[in-house]
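One-letter residues, chain by chain:
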Amino acid sequence: MAETVFFNALRAAIDEEMARDATVFVLGEDVGHYGGSYKVTKNLYQKYGELRVLDTPIAENSFTGMAIGAAMTGLRPIIEGMNMGFLLLAFNQIANNAGMLRYTSGGNFQIPLVIRGPGGVGRQLGAEHSQRLEAYFQAVPGLKIVACSTPYNAKGLLKSAIRDNNPVLFFEHVLLYNLKEDLPEEEYLLPLDKAELVQTGKDVTILTYSRMRHHVLQALPELRQRGIQPEIIDLISLRPLDWDTISASVRKTHRVMIVEECMKTGGIGAEVTAGIMERLFDELDAPVVRLSSQDIPTPYNGTLERLTVVQPEQIVSTVADLVAKKI
Amino acid sequence: MLQERPLPTFSPAAVQLSREEGLALYEDMVLGRIFEDKCAEMYYRGKMFGFVHLYNGQEAVASGVIRGALRPGVDYVCSTYRDHVHALSAGVPAREVMAELFGKATGCSKGRGGSMHMFSAKHRLLGGYAFVAEGIPVAAGAAFQTKYRREVLGDTTADEVTACFFGDGACNNGQFFETLNMAALWKLPILFVVENNKWAIGMAHERATSDPHIYKKASVFNMVGVEVDGMDVLAVREVAQTAVARARAGEGPTLIEALTYRFRGHSLADPDELRSKEEKEFWLSRDPIKRLGSYLLEQDLATNQDLKTIDQKIKQVVEDAVTFAEQSPEPDPRELRRYIFAED
Ligand SMILES: Cc1ncc(C[n+]2csc(CCOP(=O)(O)OP(=O)(O)O)c2C)c(N)n1
Ligand SMILES: [Mg+2]
C-alpha cells in the first residue's frame with residue numbers, strides 16, 4: 001500500500017472487511033455522504049450503498065442501541081463516534097447492553113460490535129471535545145478496549161476488531177490522523193490483546209498508549225544522550241491488559257513509568273499500577289510512577305492545554321530521576 | 001369521580017376467529033395469569049428475589065400481539081423488566097422462565113439474568129431490559145437487521161417483524177422519540193406496543209406527559225399510530241395484524257397504544273397505596289380473560305368444560321414449572337466468569 005496516512009489506513013481496514021463480509025456495516029453521524037468527520041469512511045457509501053454506510057440522526061444512545069440489536073441478530077456493525085466524547089450520551093447502551101448483555105442473557109446472544117472514532121485531547125478544542133474516555137469505560141465488564149497509535153497498528157487492529165465477536169471500543173486519536181507510514185501490500189491482522197514492544201531497553205519500562213507513545217518517542221533521543229535505555233511498551237489493549245508483556249519487561253528493568261493521556265484519578269495507569277503491585281511487587285526497585293494528564297477539564301487556552309497533558313520534557317526529567325534513584 | 005379516558009370501541013361482530021384460535025388465545029392468557037399468580041406465591045415464600053414485576057391484567061396485549069399476529073419463534077419480541085409473560089407468549093417454556101426466576105442453571109438466561117432479564121435466542125426473545133426505554137432501540141436494531149438481510153444480502157425470506165413492548169412511562173424518554181424517528185425514516189418492520197397502564201410506579205401518566213394520547217405522538221414521525229382497548233385481546237389482535245401486514249409490506253412501523261391496567265402493584269415490593277379503589281375496581285371489572293371466555297361461550301366457540309380443561313391444564317404446567325425449577329441445579333460456581341466474552 002506504500003505510504004499511507006493514518007485515516008486512510010483505517011479506511012482501508014473498513015473497506016477490506018466490508019468487501020470480505022457483507023454483514024459488516026458502518027453507522028454514525030455523517031459517515032455516508034459527508035465521508036466521516038475525519039474522512040475515515042470517505043466514498044464508502046458510493047461503493048457499498050446507503051444501508052451499509054448508514055447516516056444516522058444525532059441520537060447516540062439510540063443508534064448505539066440499534067447497532068446492538070443488529071449485532072444480536074447477526075450483523076456486524078461498526079459505529080463511528082463522530083467524536084468519542086459524544087458516546088457519553090450512549091453510556092447506557094454501551095455499559096448495560098453492549099458490555100453486559102451477553103452475560104445477563106446467559107450466553108444467549110453475542111454482540112460483535114466495534115465502536116470507533118476520534119478521541120483524546122486535540123488542539124484547543126475545548127473541554128467537551130477533548131475527553132479522555134477510555135478510563136470511564138474500563139470498568140464495564142464485557143468490553144474490550146483498544147487504542148491504536150500508528151497507521152500500521154490501526155489497520156491491523158481495526159480489522160481484528162471487526163472480526164471479533166465481542167464489543168470493542170476502538171480509540172483513535174484526533175492528532176494522529178495525519179501520521180504516515182509504509183504499510184505492507186498484503187493483508188495483515190494484529191491481535192487485540194497484545195501490547196507492542198516499541199523499543200527494547202533495560203533501565204526502565206515505560207508503559208504508554210495512543211498519542212503518548214509519540215511523546216515518549218520524542219523524549220527518547222534525549223534519554224539516550226543521557227545514557228538511559230528505556231524499554232517502551234505501547235499497551236494497545238487497555239482492557240484486558242497484556243500482563244505477559246508487561247510482566248516480562250518489569251522483571252527485566254525493575255522500574256516502571258506510565259505515561260498516559262487520561263486523568264490520573266481512576267485512570268488506565270491507576271489500574272496498571274495496582275496490577276503491578278499485586279503481581280510484581282517483589283520485582284520493583286522503585287515505586288511505579290505515573291505521568292497522567294491533570295485532573296481538570298481540558299482548558300481551551302493553548303498554554304494551559306499544554307500544561308494539562310504530559311509533555312516530552314516532563315518524560316525526560318522524570319525518567320532521569322527514576323533511573324538516578326531519586327524516586 | 002373517576003374520569004377514565006374513553007376506550008376505543010371495537011366491534012367483535014367483524015372478528016374472524018376459529019375455535020382453535022380462540023382457545024389458543026385463551027390458553028395463552030390463562031398461562032400468563034396463573035404463572036404470575038404463582039410467582040407472587042413463590043416470591044412471598046422466599047423462592048425468588050429482587051424486583052419482580054407482574055403482568056396481571058395486561059395479558060390481552062402480549063397474547064393479542066404475539067399469539068394473535070406474530071409467528072412466535074420467527075418474529076422478534078423485545079420486552080422490559082415486566083417480561084415473564086412476553087417470554088411465555090413468545091414460546092419460552094414455563095419451566096425455563098420459572099427456573100430463571102429461581103436463579104437456576106436451567107433458566108432461560110442460565111440464572112444470570114433474573115426476573116428482569118429473560119432472554120432466549122431460540123425463541124427470538126431479545127430480552128428483558130431493566131432500564132426504562134433501553135430496549136426500544138435494540139428492538140429497532142433487530143428490525144433493521146431484517147431489512148438489511150432483505151435489501152443488502154438479497155435474502156428474500158427475510159420477513160420477520162419485531163414487536164417491541166414498553167410502558168407509558170417509557171414514552172417520555174428520549175430513546176422512544178429517537179427510535180420512532182429512525183424506524184419511520186427507514187421504514188423498519190417493527191411494532192411499537194405501548195402498554196399504557198396509566199402508571200409509572202407512582203407517577204400517574206397524565207402528570208408525566210404533555211399529551212396523554214400516546215398514539216398521537218406517532219403522527220409527528222409520519223408514522224401510523226392507533227389506540228386500542230388493551231383489555232380486549234381480539235381488538236389487540238386486530239390492530240396488531242394490520243400493523244404486521246404493513247410492516248411486512250415494507251410500509252414501516254406502527255405505534256400501538258394499548259389502554260390497559262395492571263391488577264397488582266408496580267412490583268411485588270410495592271404496597272400499591274396510591275391507586276384508588278374505585279380505579280382498580282373499574283379495571284378489574286374489565287378482566288381480559290373473563291371477557292374472552294364470555295365471548296367464546298356466546299359465539300359457541302367453546303363450552304364451559306373447554307375453558308375449565310384449559311385452566312386445569314395450565315395449573316399443571318405451572319406446577320410442573322415450579323417442580324422443575326426447584327429440582328434444577330444451581331449454576332456451577334466454577335462458571336462464575338462464563339459468558340462475559342463470546343468465546344466463553
Ligand atoms: C432508566 C430508568 N429510570 C428509572 C427506572 C426505575 N423504574 C422502573 S419501572 C419505572 C416506571 C416505568 O413505567 P412504565 O414505563 O409505564 O412501565 P410499567 O412499569 O407501568 O409497565 C421506573 C421509573 C428504571 N428502571 N430505569
Ligand atoms: Mg405504566
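In what follows, the structure referred to is the one given above.
Now for a look at the structure at hand. Only a predicted model underlies this, so the values are computations on that prediction, with no experimental measurement involved.

### Considerations on the overall build of chain A
Stage number 1. Secondary structure summary: chain A contains 12 helices and 14 strands in total.
Stage number 2. Radius of gyration (C-alpha) of chain A: 20 Å, near the 20 Å computed for a compact globule of 327 residues.
Stage number 3. For chain A, the C-alpha atoms occupy an extent of roughly 60 × 45 × 40 Å along the three principal directions.
Stage number 4. Here chain A, with 327 residues, has 64% of them falling under the buried criterion.
Stage number 5. Accessible surface computed for chain A: about 11,800 Å², of which carbon and sulfur atoms make up 51%.
Stage number 6. Of the charged side chains in chain A, 32 are positive and 39 negative, and the gap between their average positions amounts to 2 Å.

### Points about the pairing of strand E6 (residues 144-147) of chain A
Residues and elements named next belong to chain A.
Stage number 1. Of the two faces of E6, the one carrying Lys-144 and Val-146 and the one carrying Ile-145 and Ala-147 are both buried.
Stage number 2. Where E6 meets strand E7 (residues 167-173), 4 bridges bridge the pair, whose relative direction is parallel. Paired with Ala-147 across the two strands is Phe-171, which belongs to E7.
Stage number 3. Crossover connection from E6 via helix H7 (residues 151-163) to parallel E7: handedness right-handed.
Stage number 4. In this structure, E6 lies alongside strand E12 (residues 237-239), joined through 2 bridges in antiparallel fashion. When the bridges of E12 are listed, Val-146 appears paired with Ser-237.

### Some thoughts on the coordination of the magnesium ion (ligand 2)
Residue and element names in this part refer to chain B.
Stage number 1. Coordination of the magnesium ion (ligand 2) by the protein involves Asp-168 (OD), Asn-197 (OD1) and Trp-199 (O), with metal-donor separations of 2.1 Å.
Stage number 2. Each donor residue of the magnesium ion (ligand 2) belongs to the same chain, and together they define the spacing D-x28-N-x1-W. One end of the pair, Asp-168, is in the loop between strand E3 (162-167) and helix H6 (174-185); the other, Trp-199, is in strand E5 (residues 199-200), and 31 residues separate them in sequence.
Stage number 3. Judged by its relative accessible area of 12%, Trp-199 is buried.

### Some points on the packing of helix H2 (residues 59-69) of chain B against helix H8 (residues 233-248) of chain B
All names here are of chain B.
Stage number 1. Look at H2 against H8: their axes get within 8 Å of each other, and the N-to-C directions meet at 45 degrees. Considered as vectors, H2 and H8 are oriented oblique to each other. Our pair here, H2 against H8, has a crossing hand that is right-handed. Residues Ala-60, Val-61, Ser-63, Gly-64, Val-65, Gly-68 and Ala-69 of H2 lie in contact with H8, whose contacting residues are Val-233, Val-236, Arg-237, Ala-240, Gln-241 and Val-244.

### Considerations on empty space enclosed by the protein
Stage number 1. With the rule as written, the count across this model stands at 4 cavities of 30 Å³ or more.
Stage number 2. The volume enclosed by the largest cavity comes to roughly 80 Å³.
Stage number 3. Lining the largest cavity, in full, are A:Gly119, A:Gly120, A:Gln131, A:Glu134, A:Ala147, A:Phe171, A:Glu172, A:His173, A:Tyr209, A:Ser210 and A:Glu261.
Stage number 4. Residues belonging to the lining of the largest cavity are distributed by class as follows: 3 nonpolar, 5 polar and 3 charged.
Stage number 5. Residue assignment places the lining of the largest cavity across two domains, with domain 1 (3-182) and domain 2 (196-323) of chain A each supplying three or more.
Stage number 6. Each pocket or cavity is described by its volume, and for the second largest cavity that value is around 50 Å³.
Stage number 7. As for the second largest cavity, its lining consists of 13 residues, and the residues nearest its centre are B:Ser79, B:Thr80, B:Ala133, B:Gly135 and B:Phe165.
Stage number 8. Every element with two or more residues in the lining of the second largest cavity is listed here: helix H5 (135-151) and E3 of chain B.
Stage number 9. The residue inventory of the lining of the second largest cavity, partitioned by class, reads 9 nonpolar, 3 polar and 1 charged.

### Overview of the nonpolar core
Stage number 1. Counting residues in each nonpolar core, the largest one holds 85 residues, and the members touching the most others are A:Ile276 and B:Phe192.
Stage number 2. Per element, the largest residue contribution to this core is 8 residues, and it comes from H5(B).
Stage number 3. The residues that make up this core include at least three from each of domain 1 (3-182) and domain 2 (196-323) of chain A.
Stage number 4. Aside from chain neighbours lying at most four places away, what touches A:Ile276 is A:Leu207, A:Trp243, A:Ile246, A:Val256, A:Phe281, A:Leu284 and A:Val288.

Reading guide: rules and limits
- Residues numbered from 1 in each chain as written.
- Chains lettered and ligands numbered in written order.
- Predicted model: local features only at pLDDT ≥ 70, side-chain atom pairs only at ≥ 80, totals over all residues.
- Heavy atoms only, no water.
- Helix = DSSP H or I, 4+ residues; strand = E, 2+ residues; numbered from the N terminus.
- Rg over C-alpha atoms; globule rule 2.2 N^0.38 Å.
- Buried < 20%, exposed > 50% of the residue type's maximum accessible area, 1.4 Å probe, protein only.
- Areas by Shrake-Rupley, 256 points an atom, 1.4 Å probe, with all protein chains shown as cover.
- Lys, Arg positive; Asp, Glu negative; His and termini not counted.
- Charge placed at Lys NZ, Arg CZ, Asp CG, Glu CD.
- Pairing = 2+ DSSP bridges.
- Right-handed = clockwise from strand over helix to strand, strands pointing away.
- Donors = N, O, S within 2.8 Å, 3.2 Å for Na, K, Ca; no water.
- Axes fitted to C-alpha atoms, helices over the stretch in contact; angles between N-to-C directions.
- Parallel < 35°, antiparallel > 145°, perpendicular 65-115°, else oblique.
- Left-handed = near helix turned anticlockwise from the far one by under 90°.
- Contact = heavy atoms within 4.5 Å.
- 1 Å grid on protein atoms, 1.4 Å probe; cavity = no way out; pocket = protein on both sides within 12 Å on 5 of 7 lines; lining within 4 Å.
- Points joined across faces, edges and corners; volume = space filled by probe spheres on them.
- Nonpolar A, V, L, I, M, F, W, Y, C, P; charged D, E, K, R; others polar.
- Domains from an automatic or database assignment.
- Core = buried A, V, L, I, M, F, W, Y, C linked by side-chain atoms within 4.5 Å.

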